[in-house]
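A closer look at the structure
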Amino acid sequence: MTQDRLDPDQQKAIEATDGPVIIAAGPGTGKTRTLAHRVAYLINEKRIPPDRILAVTFTRSAAAEMSERLQSLLGRMPEGLWVGTYHAVALRILREHDYPFGPGVEWSLIREEEKAALLEGLVPRRERSSFLDELRRHKQRLTWPETGPAAEYQRRLVARRQLDFDDLFLYAMRLFNERPEVAAAYRRRFVYVMVDEFQDTSFAQYHFLKTIASSNVCVIGDPDQAIYGFAGGFHAFEAFKTDFPDHRLVSLSENYRSQATIVEAATQVIAKSPAQLPRRLRARLAQGLPIEIARYGSDRQEAEMIVRKIETVLGGSSHFTIDSGWAQADAEARAYGFGDIAILYRLHAQARSLIEALTCAGLPYRCFGKPTLGEDVENFILEDPGPEGDAISLMTLHRAKGLEFPVVFLAGCEEGLLPYERSEDPDEERRLFFVGMTRAKQRLFLSSAANRFLYGETRHADPSPYLSDIQNELRRLEEAPSPQRRTERIAQQNLF
């Protein structure tokens, strides 16, 4: 697919402008590109004024990408066009109407690190995290805290002239209920509304959207990539199909990101999950190398062997691997850089052994912490915009959503870890594995450890059941030799 050409499915999605529309778009099918072309089509072909269009994205980085694409397509960023996250749109509406504090009153969004002060003397320290999670779940169901510590926390917020992220939708909906003419004015203004990554829409966000959207609302996304538990069991696509029974369905089926082997394997894994929308995903790229699946004795061995495999992919980047004979010629005739490689895992606690192994090998890396809904609130970010620089990326599967890398290592593919034993939704765990697989463009490595030290104890685990869903012809099982003892390895490195 070239920059200027659209495939038939994308063209159909772009021209399906009137009435409610669902665009079912699997990984790597060009969702953001299609949405940008759709906006350009409305402006250029249908002569819709830009200020009558609202485009909602899930992250600020996606909003920035959308704006860049529109500037490229139109030669400028159309004046009056709204492009932003749900939170940014809700905040803008509240500020336009001086709500909830009234005209001339300065107010702000609270940062995560500021919440501790509000909870002082209200909730014991060890219970604060669970308290905030429970409060968040209630607010995402548009339920106001009315009694107990939650009500007092909310009173303290208001006294400081602050709101938290989820308050934006609570207060926006209260504004619409108190002043129905405000909601009606936005429905008249936004003749066309489009929403990206719709599968991650929460209950509160959906009702906010439905209140300000006209009948010309288009939602695009992939239910198989719904991985955020904060949605509280709410299924946005199912709600949309119920509320808009006359909707049209368009599918984007061509995957332009990943080698065919990866697409086929990921499709086999997700096939066992219930489908909310029809599944059609075909790879446009060549078959590629098989997926490598390896089983190690411990998490420490897994980490060291991942580093060895990285050095193999790179062609051998340290004196140790070259002299010890670990760096073998790769079967793929291409060169990768550090920034082409990502190591993904289910829990951030898994990063420790990986960091240790990378540090011992002298390989550059960037480790992304666990995202929160409150980070960088002034810029309306839900997820980090992505890694930069020539370094290996380490991140959780949740953090990797929306990103892509030529080479992906997925560590900890074990029963109890992936799927995670504490998860309330087994299907969400399978979707998380699917998301991790489809981040890879050329190479995908899946590994597990028979024994893993986690949360103060060593636990034995069987391989993830998801691995057996991948057909034999698409994978290669690796019987890796044991790495040298760490003390020997450090001794050899000290010679250089």
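Cut-off values and rules
Residues numbered from 1 in each chain as written. Predicted model: local features only at pLDDT ≥ 70, side-chain atom pairs only at ≥ 80, totals over all residues. Heavy atoms only, no water. Helix = DSSP H or I, 4+ residues; strand = E, 2+ residues; numbered from the N terminus. Buried < 20%, exposed > 50% of the residue type's maximum accessible area, 1.4 Å probe, protein only. Contact = heavy atoms within 4.5 Å. Areas by Shrake-Rupley, 256 points an atom, 1.4 Å probe, with all protein chains shown as cover. Pairing = 2+ DSSP bridges. Axes fitted to C-alpha atoms, helices over the stretch in contact; angles between N-to-C directions. Core = buried A, V, L, I, M, F, W, Y, C linked by side-chain atoms within 4.5 Å. Salt bridge = Lys/Arg side-chain N within 4 Å of Asp/Glu carboxyl O. Expected span 1.5 Å × (residues − 1). Polar contact = N/O pair within 3.5 Å; in protein donor to acceptor, adjacent residues only side chain to side chain. Right-handed = clockwise from strand over helix to strand, strands pointing away. 1 Å grid on protein atoms, 1.4 Å probe; cavity = no way out; pocket = protein on both sides within 12 Å on 5 of 7 lines; lining within 4 Å. Points joined across faces, edges and corners; volume = space filled by probe spheres on them. Parallel < 35°, antiparallel > 145°, perpendicular 65-115°, else oblique. Left-handed = near helix turned anticlockwise from the far one by under 90°. Nonpolar A, V, L, I, M, F, W, Y, C, P; charged D, E, K, R; others polar.

A word on the overall build of the protein chain
Assigned secondary structure in the protein chain consists of 17 helices and 18 strands. Counting across all 496 residues of the protein chain, residues that qualify as buried make up 56%. If you take every contact in the protein chain between residues at least 6 apart in sequence, the share linking residues at least 24 apart comes to 79%. Taken as a whole, the protein chain presents about 21200 Å² of accessible surface, with 48% of it coming from carbon and sulfur.

Quick look at the sheet that holds strand β7 (residues 217–221)
Reading across from one edge, β3-β2-β6-β7-β1-β8 is the order of the six strands in this open sheet, with parallel pairing throughout. In this open sheet, the two edge strands, each paired with only one partner strand, are β3 (82–85) and β8 (248–252). Geometrically, the sheet is characterised by an average inter-axis angle of 15° between neighbouring strands, direction not taken into account. As paired strands, strand β2 (residues 53–57) and strand β6 (residues 192–195) are joined by four bridges and run parallel to one another. Following the sheet pairing, A55 is matched in β6 by M194.

Topic: the nonpolar core
Counting 47 residues, the largest nonpolar core has I93, L94, F176, F198 and F208 as the members making the most contacts within it. Ignoring anything within four residues of it in the chain, the contact list for I93 reads W82, L175, F176, Y186, F208 and I212.

Here's the deal with the side chain of S67
Following the sequence through the fold, S67 ends up in helix α3 (residues 60–74). Other than its neighbours up to four places away in sequence, S67 contacts M77 and V83.

Some points on the pattern of salt bridges
Under the criterion given, the structure shown has 36 salt bridges. Residue R92 pairs with E96 through a salt bridge whose shortest N-O separation is 3.9 Å. Here the residue R92 and the residue E96 both occupy positions in helix α4 (residues 86–96), the gap between them amounting to four residues, near one helical turn. Here R136 ties to E112 by a salt bridge, and the two come within 3.9 Å at their closest N and O atoms. Of the two residues, R136 is situated in helix α6 (residues 128–140) and E112 in the loop between β4 (108–109) and α5 (115–119); the sequence distance between them amounts to 24 residues.

A word on helix α16 (residues 426–437)
Compared with the 16 Å implied by 1.5 Å per residue over 12 residues, the 17 Å span of α16 between its first and last C-alpha is a close match. Listing the buried residues of α16 in full gives E428, E429, R430, R431, L432, F433, F434, V435, G436 and M437. Those residues of α16 that are buried are in contact with α12 (260–270), β11 (291–298), β12 (341–345), β15 (405–410) and β16 (440–454). Capping the start of α16 is the job of one residue whose side-chain oxygen sits 3.1 Å from the backbone nitrogen of D427: D425.

Looking at the environment of T59
Among the secondary structure elements, T59 is positioned in the loop between β2 and α3. Overall, T59 belongs to the buried group, its relative accessible area being 10%. Here the alpha-carbon distance between T59 and A88, two residues 29 residues apart in the chain, equals 9.7 Å. A distance of 3.0 Å separates the side chain of T59 from the side chain of S61, its partner in a polar contact.

Looking at the pairing of β3
Alignment of β2 against β3, held across four bridges, turns out to be parallel. The partner of T57 across the bridge, within β3, is T85. This β-α-β element, β2 to α3 to β3, shows right-handed connectivity.

Section: empty space enclosed by the protein
Across all of its chains, the model carries five cavities of 30 Å³ or more by this definition. By volume, the second largest cavity amounts to about 80 Å³. Lining the second largest cavity are E292, I293, A294, Y296, M305, I306, K309, F409, F445, L446, S447 and E478. For the lining of the second largest cavity, the elements supplying multiple residues, two or more each, are β11, α13 (299–314) and β16.

Section: unusual backbone geometry
Here the amide bond leading from Y99 into P100 is cis, since omega sits at 10°, within 30 degrees of zero. Within the secondary structure layout, P100 lies in the loop between α4 and β4. The peptide bond linking L418 to P419 adopts the cis configuration, its omega dihedral lying at 15°. When you line up the elements, P419 lands in the loop between β15 and α16. Phi angles above zero are rare outside glycine, and R161 is one such case at about 55°.

As for the packing of α4 against helix α8 (residues 167–178)
Look at α4 against α8: their axes get within 9 Å of each other, and the N-to-C directions meet at 45°. By the angle between their axes, α4 is oblique relative to α8. Taken as a pair, α4 and α8 cross one another with a handedness that is left-handed. Within the contact between the two elements, α4 uses Y86, H87, A90, L91, I93 and L94 and α8 uses L168, F169, Y171, A172, L175 and F176. The class makeup of the residues in the contact of α4 with α8 is 11 nonpolar, one polar and no charged.

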